[in-house]
Amino acid sequence: MNISIITVGKLKEKYLKQGIAEYTKRLSAYAKIEEIELADEKAPENLSENDMLIVKQKEGERILSKIAPDTHVIALAIEGSMKTSEQLAARLDHLATYGKSKIAFVIGGSLGLSDEVMKRADETLSFSKMTFPHQLMRLILVEQIYRAYRINRGEPYHK
């Protein structure tokens, strides 16, 4: 399976880079993982609603340019469906079984994802009703994908 993780914003923190690198290395035994880091749109703190919409649209255009037509898109969004680790594992297994060899997980910038990206998404996923920094979500996501593969293979780790 080919898994892309498309994110807005550059990862700066060394400890997050190290954690993501470790799980990406572990995942390489199960799937091809590609991280696609896109530039975030520079914006001041106090944006109008319209300015926020413009920022999300620009970031959304960058995201959509990286998604092939035959890719199954899972957008991370606070309003998405929540799954247990076992349910995520079952979902990834189902997608692989039924011919979806390309999956893209999409993590938006600090303002979230544009309407266009949400419309392109085949499904949405939420890890919590809480808001997390998008850089930290990358680490959590990669760890959960790794955990899903271990669950699906019946290998120890996930408990």
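This structure is a prediction, so every number in the text was calculated from the model and none was measured.

Draft legend 1. Main features of the pattern of salt bridges. Following the criterion strictly, the structure yields 13 salt bridges and no others. A salt bridge links K25 to E22; the shortest N-O distance between them is 3.8 Å. Taken together, the residues span about one helical turn, with K25 and E22 both in helix α1 (residues 14-27) at a distance of 3 residues. K25 gets classed as exposed once you look at its relative accessible area, which sits at 56%. Members of the salt-bridge network, linked through shared partners, are K10, E35, E37 and R138.

Draft legend 2. Quick look at the packing of aromatic side chains. Here the structure, examined in full by the defined rule, presents 3 aromatic pairs. Here the aromatic rings of Y30 and Y149 are separated by 5.6 Å at their centres, their planes lie at 20°, and the arrangement is stacked. Residue Y30 is located in the loop between α1 and β2 (32-38), and its partner Y149 is located in helix α5 (residues 134-152); the two are separated by 119 residues in the primary sequence. According to the relative accessible area criterion, Y30 is buried, its value standing at 14%. Three or more aromatic residues joined by ring pairs form one cluster here, namely Y23, Y30, Y146 and Y149.

Cut-offs and rules
Residues numbered from 1 in each chain as written. Predicted model: local features only at pLDDT ≥ 70, side-chain atom pairs only at ≥ 80, totals over all residues. Heavy atoms only, no water. Salt bridge = Lys/Arg side-chain N within 4 Å of Asp/Glu carboxyl O. Helix = DSSP H or I, 4+ residues; strand = E, 2+ residues; numbered from the N terminus. Buried < 20%, exposed > 50% of the residue type's maximum accessible area, 1.4 Å probe, protein only. Phe/Tyr/Trp six-rings, centres within 6.5 Å; stacked < 30°, edge-to-face > 60°.

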